[in-house]
Amino acid sequence: MMKKKSLALLCSLMLCAGLLAGCGNNAASTSSASPSGAALSGTVSTNGSTSMEKVIGALNETFMYNHSGVTVTYDPTGSGTGITAVAEGRADIGLASRDLKDDEKATLTQTVLAKDGIAIIVNTQNPVSDLSLEQITELFTGVISNWSQVGGADAQVVLIGREAGSGTRDGFESITETKDSCQYKQELNSTGGVIEAVKNNPDAIGYASLASVNDSVKTLTVGGVTPTAGTVKDGTYKIQRDFILATRTGETLSDAAQAYFDFITSADATDIITAAGAVPVA
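Residues numbered from 1 in each chain as written. Predicted model: local features only at pLDDT ≥ 70, side-chain atom pairs only at ≥ 80, totals over all residues. Heavy atoms only, no water.

(A) Representation of the packing of helix α2 (residues 53–66) against helix α8 (residues 255–264) in the model. Close contact between α2 and α8 brings their axes to 11 Å; oriented N to C, the two are set at 120 degrees. With respect to α8, the axis of α2 lies oblique. Remark: the crossing between α2 and α8 carries right-handed chirality. Seen from α2, the contacting residues are I56, L59, N60, T62 and F63; seen from α8, they are A256, A259, Y260, F263 and I264. In terms of residue class, the contact of α2 with α8 is built from eight nonpolar, two polar and no charged. (Axes fitted to C-alpha atoms, helices over the stretch in contact; angles between N-to-C directions. Helix = DSSP H or I, 4+ residues; strand = E, 2+ residues; numbered from the N terminus. Parallel < 35°, antiparallel > 145°, perpendicular 65-115°, else oblique. Left-handed = near helix turned anticlockwise from the far one by under 90°. Contact = heavy atoms within 4.5 Å. Nonpolar A, V, L, I, M, F, W, Y, C, P; charged D, E, K, R; others polar.)

Structure (structure tokens):
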């Protein structure tokens, strides 16, 4: 009788052990099934182009929503400063609205995030609606100095541009072949600054990222082509450039920074980039 009781007790203990093991396996399974990225934490620092503010802001918002343990910072200092920051290790990812130069490529790797049109903008009161690429070149170099020469009012043209080191300025001057010859009245250090200056001066003309332009200024067609995502993508709008991500060559990003980089360059980011006014390349 005692043997039967001992055997029954042993079986009961084995059954309990099996149940506990099963519970342990279920707990492990539940843990491994946590949403992807739940364990990510830390800070990802980005620095650079002010033209990319709208695009980067939208991407950052989505990424941080999906990864609540990660904070992504964006310091809109301009393309040149952003490239320097990543090269010196003060940022994880540099943001530039121009291609890297040969000397920068010695230590940095560039990845194209998107394409962006450079819009030619005037005050909303300006009757001019279209300019050829040649006329734009002549306006910014001072060959054309009065709006009446291109169908506008009898008024002196006021040229607004970006500061030296700006990716937008570099792109605009490269495409229009006006490097070192633009006769700027004002050189401003942000896309928003250019838009604001043109908005407040009826005789002004400037250039700004298509992704950042709003209804406070008038966007001109160039050679009859309206700057849109479609015309930038098919190449018919000629004044365009790349949005670049710069990272240190041969250096591994943190887990959080790599996850962020992978997300913004993936097809999952396409709709976000499009909604922000740029043209995705993924």
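Still to come is the rest of the account.
(B) Region of interest: helix α3 (residues 79–87). When α3 is considered as a whole, its buried residues turn out to be S79, G82, I83, A85 and V86. What you see down the axis of α3 is that its buried residues fit within an arc of 160 degrees, all on one side. Where the residues of α3 are buried, they touch β1 (42–48), β3 (93–96), β4 (108–122), α5 (167–176) and β11 (240–248). Looking at the residues trailing α3, positive phi occurs at G89, about 80 degrees. (Buried < 20%, exposed > 50% of the residue type's maximum accessible area, 1.4 Å probe, protein only. Arc of directions from axis to C-beta.)

(C) Layout of unusual backbone geometry. Residue E177 is not a glycine yet carries a positive backbone phi of 55 degrees. With respect to the helices and strands, E177 occurs in the loop between α5 and β7 (186–188). The exposure class assigned to E177 is exposed, which follows from its relative accessible area of 70%.

(D) Local environment of the layout of surface pockets. Taken as a whole, the largest pocket spans an internal volume of roughly 160 Å³. The wall of the largest pocket is formed by R98, K101, E163, A164, G165, S166, R169, D170, E173, K179 and D180. For the lining of the largest pocket, the per-class residue count stands at one nonpolar, two polar and eight charged. (1 Å grid on protein atoms, 1.4 Å probe; cavity = no way out; pocket = protein on both sides within 12 Å on 5 of 7 lines; lining within 4 Å. Points joined across faces, edges and corners; volume = space filled by probe spheres on them.)

(E) Region of the structure containing the confidence of the model for the protein chain. Averaged over all residues, the pLDDT of the protein chain is 89; the fraction at 70 or higher stands at 87%. Note that pLDDT drops below 50 for residues 1–37; the model gives that stretch two contacts with residues more than four away or on any other chain. (pLDDT = per-residue confidence, 0-100.)

(F) Just helix α6 (residues 191–199), in detail. Among all positions of α6, only T191, V194, I195, A197 and V198 are buried. Burial along α6 is one-sided: seen end-on, the buried residues are contained in an arc of 165 degrees. Where α6 is buried, its residues meet β4, β6 (158–162), β7 and β8 (204–209).

(G) Here's a closer look at the packing of aromatic side chains. A complete count under the given rule lists seven aromatic pairs for this structure. Pairing F172 with Y207 gives two aromatic rings, centres 4.2 Å apart and planes at 20 degrees, and the pair type is stacked. Of this pair, F172 sits in helix α5 while Y207 sits in strand β8; the two residues are 35 residues apart in sequence, bridging distant segments of the chain. Pairing Y184 with Y207 gives two aromatic rings, centres 6.3 Å apart and planes at 65 degrees, and the pair type is edge-to-face. Pair noted here: Y184 is in the loop between α5 and β7 and Y207 is in strand β8, with a separation of 23 residues, a long-range link. One exposure class covers both Y184 and Y207, and it is buried. (Phe/Tyr/Trp six-rings, centres within 6.5 Å; stacked < 30°, edge-to-face > 60°.)

(H) Geometry of the side chain of D242. Topologically, D242 is positioned in strand β11. Relative accessible area serves as the criterion here: at 17%, D242 is assigned to the buried category. Polar side-chain contacts of D242 include one of 2.8 Å to the side chain of K115. D242 has contacts with A96, S97, R98, D99, V112, A114 and K115, leaving out every residue within four places of it along the chain. (Polar contact = N/O pair within 3.5 Å; in protein donor to acceptor, adjacent residues only side chain to side chain.)

(I) Spotlight on the pattern of salt bridges. Throughout the structure, instances matching the rule amount to 10 salt bridges. For the salt bridge of R162 with E163, the shortest nitrogen-to-oxygen distance reads 3.0 Å. Judged by its relative accessible area of 2%, R162 falls in the buried class. E163 sits in the buried class, given a relative accessible area of 17%. In this structure, R169 engages E187 in a salt bridge whose closest nitrogen and oxygen atoms are separated by 2.7 Å. One end of the pair, R169, is in helix α5; the other, E187, is in strand β7, with 18 residues separating them in the sequence. Taking relative accessible area as the criterion, R169 reaches 15% and is therefore assigned buried. Salt bridges linked by common partners bring R169, E173 and E187 together as one network. (Salt bridge = Lys/Arg side-chain N within 4 Å of Asp/Glu carboxyl O.)

(J) Region of the structure containing the pairing of β1. In terms of burial, β1 is largely enclosed, as five of its seven residues are buried. Handedness of the β-α-β unit built from β1, α2 and strand β2 (residues 70–75) comes out right-handed. (Right-handed = clockwise from strand over helix to strand, strands pointing away.)

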